[in-house]
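Below are the chains, spelled out letter by letter.
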Amino acid sequence: MIPYRSALVPAVAAFCVGVLIAGCGGGGGDKTKTAAPSGAATSAGTVAATASPSLGIREIDLAKVADVEAVVAGTGGQYLQASVIYADLTEDGSDEAIVPISSGGTMGDVAFLVLTPAGEGTATLLKELPLSQEGGLSVAVDDGRLVMTQALYGPEDPNCCPSVLRKTTYVWNGTSLAVQTVKTEANPAGGVKRTPVPTP
């Protein structure tokens, strides 16, 4: 009986170790499951149920878009959701987001981006960070075209009232937002330095 017992103990121990390894290897048992990424299918039968359609630009938290975060950090400016303008600049039936970046002070807006929906995120169509000495800027959409207006200060101009404005118009050329025209004009009434808050 002693030799039999000596042989049995190692065999049982080896069997138990094998069961434990199999259980930990992801094969069975009620283990804690890692959540699948949003929109990812966990089996062939769940593809239709879990796949997410492309998000509209209005459904995306633009403050968390990497390019927006980078421009905010690089300019020391602020993202203001109330200043975002939505318009279909690419003539594809879906809106883009024109995102001004505010200086948070008297300079008004200091940069802007144009974002378009791409899957569940965005792609950046345009990013403008004019030189700070050129003063503030504003952006608007005029007849489907994007217009950036910059304040250009003369040597005697007070901070409130640049004497010249430069207007840059961008149009969609099928692959990008390209500059169509750049014009300067006198500004006797005072400066435009902040993008007007769009009306809903």
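Residues numbered from 1 in each chain as written. Predicted model: local features only at pLDDT ≥ 70, side-chain atom pairs only at ≥ 80, totals over all residues. Heavy atoms only, no water.

J.: Teacher, can you tell me more about the overall build of the chain here?
T.: Of regular secondary structure, the chain possesses three helices and nine strands. Of the regular secondary structure in the chain, the N- to C-terminal order runs α-α-α-β-β-β-β-β-β-β-β-β. Burial statistics for the chain: of 200 residues in total, 27% are counted as buried. Within the chain, residue pairs in contact and separated by at least 24 positions form 43% of the contacts whose partners lie at least 6 positions apart. With an accessible surface of roughly 12,100 Å², the chain has 58% of that area assigned to carbon and sulfur atoms. (Helix = DSSP H or I, 4+ residues; strand = E, 2+ residues; numbered from the N terminus. Buried < 20%, exposed > 50% of the residue type's maximum accessible area, 1.4 Å probe, protein only. Contact = heavy atoms within 4.5 Å. Areas by Shrake-Rupley, 256 points an atom, 1.4 Å probe, with all protein chains shown as cover.)

J.: How should the layout of surface pockets be read in this particular structure?
T.: Gaps left between atoms are located by rolling a probe of water-molecule size over the structure's atoms. Each pocket or cavity is described by its volume, and for the largest pocket that value is around 150 Å³. If you go around the largest pocket, the residues you meet are Asp142, Arg145, Val147, Lys167, Thr169, Thr181, Lys183, Thr184 and Glu185. Of all the secondary structure elements, the ones that give two or more residues to the lining of the largest pocket are strand 7 (145–152), strand 8 (164–172) and strand 9 (177–186). Ranked by residues supplied to the lining of the largest pocket, first place goes to strand 9 with four residues. (1 Å grid on protein atoms, 1.4 Å probe; cavity = no way out; pocket = protein on both sides within 12 Å on 5 of 7 lines; lining within 4 Å. Points joined across faces, edges and corners; volume = space filled by probe spheres on them.)

J.: I'm lost on unusual backbone geometry in this one. Help?
T.: Note: most peptide bonds trans; most residues except glycine with negative phi. Of note in the backbone geometry, Glu91 takes a positive phi value of approximately 55° without being a glycine. Here Glu91 shows up in the loop between strand 2 (85–87) and strand 3 (96–102). Among the residues examined, Glu91 registers a relative accessible area of 71% and is labelled exposed. Even without being a glycine, Asp143 presents a positive backbone phi close to 55°.

J.: I keep staring at the nonpolar core and nothing clicks. Help me out?
T.: As a rule of thumb, nonpolar side chains are buried together in soluble globular proteins. Among the nonpolar cores identified, the biggest contains 15 residues, and Leu62, Val68, Val99, Ile101 and Leu115 are the most heavily contacted of them. Elements with a contribution of two residues or more to this core: helix 3 (66–75), strand 3 and strand 4 (109–118). A total of four residues in this core trace back to one element, the largest contributor, which is strand 4. In contact with Val99, not counting residues within four places along its chain, are Leu62, Tyr79, Val84, Ala111, Phe112, Leu113 and Leu115. Membership of the second largest hydrophobic core comes to 13 residues, among which are Ile85, Ile98, Val114 and Leu137. (Core = buried A, V, L, I, M, F, W, Y, C linked by side-chain atoms within 4.5 Å.)

J.: What is the right way to read the pairing of strand 5 (residues 121–128) from this model?
T.: Regular strands place side chains that alternate from one sheet face to the opposite one. Bridge count for strand 4 against strand 5 is seven bridges, and the pairing is antiparallel. Among the inter-strand pairings, Phe112 is bridged to a residue of strand 5, identified as Glu128. Linkage of strand 4 to strand 5, two consecutive antiparallel strands, is achieved through a turn of two residues, within which Gly119 is found at a positive phi near 65°. (Pairing = 2+ DSSP bridges.)

J.: Whenever I open this one, the pairing of strand 4 confuses me. Can you help?
T.: Of all 10 residues in strand 4, eight are buried, a share of seventy percent or more. For strand 3 and strand 4, the ladder comprises six bridges, and the chain directions are antiparallel. What sits directly across from Ser102, in strand 4, is Asp109. Connecting strand 3 to the antiparallel partner strand 4 that follows it, the hairpin turn spans six residues, and Gly104 within it adopts a positive phi of roughly 80°.

J.: How should the packing of aromatic side chains be read in this particular structure?
T.: Centre distance and the angle of the planes are the two values used to describe a pair of aromatic rings. Per the counting criterion, the structure on display carries one aromatic pair. With a centroid separation of 6.4 Å and an interplanar angle of 75°, the aromatic rings of Phe112 and Tyr170 are classed as edge-to-face. One end of the pair, Phe112, is in strand 4; the other, Tyr170, is in strand 8, with 58 residues separating them in the sequence. The exposure class of Tyr170 is buried, given its relative accessible area of 2%. (Phe/Tyr/Trp six-rings, centres within 6.5 Å; stacked < 30°, edge-to-face > 60°.)

J.: Would you mind showing me how to read the pattern of salt bridges here?
T.: Close approach of charged atoms allows side chains of opposite charge to pair. Applying the stated criterion across every chain yields a total of four salt bridges. In this structure, the salt-bridge partner of Asp95 is Arg58, at a minimum N-O distance of 3.0 Å. Taken as a pair, Asp95 in the loop between strand 2 and strand 3 and Arg58 in the loop between helix 2 (47–50) and helix 3 lie far apart in primary sequence, 37 residues in all. Judged by its relative accessible area of 55%, Arg58 is exposed. Between Lys167 and Glu185 there is a salt bridge whose closest N-O contact spans 3.6 Å. (Salt bridge = Lys/Arg side-chain N within 4 Å of Asp/Glu carboxyl O.)

Note that every value here comes from positions in space, so none of it alone points to a role or purpose.
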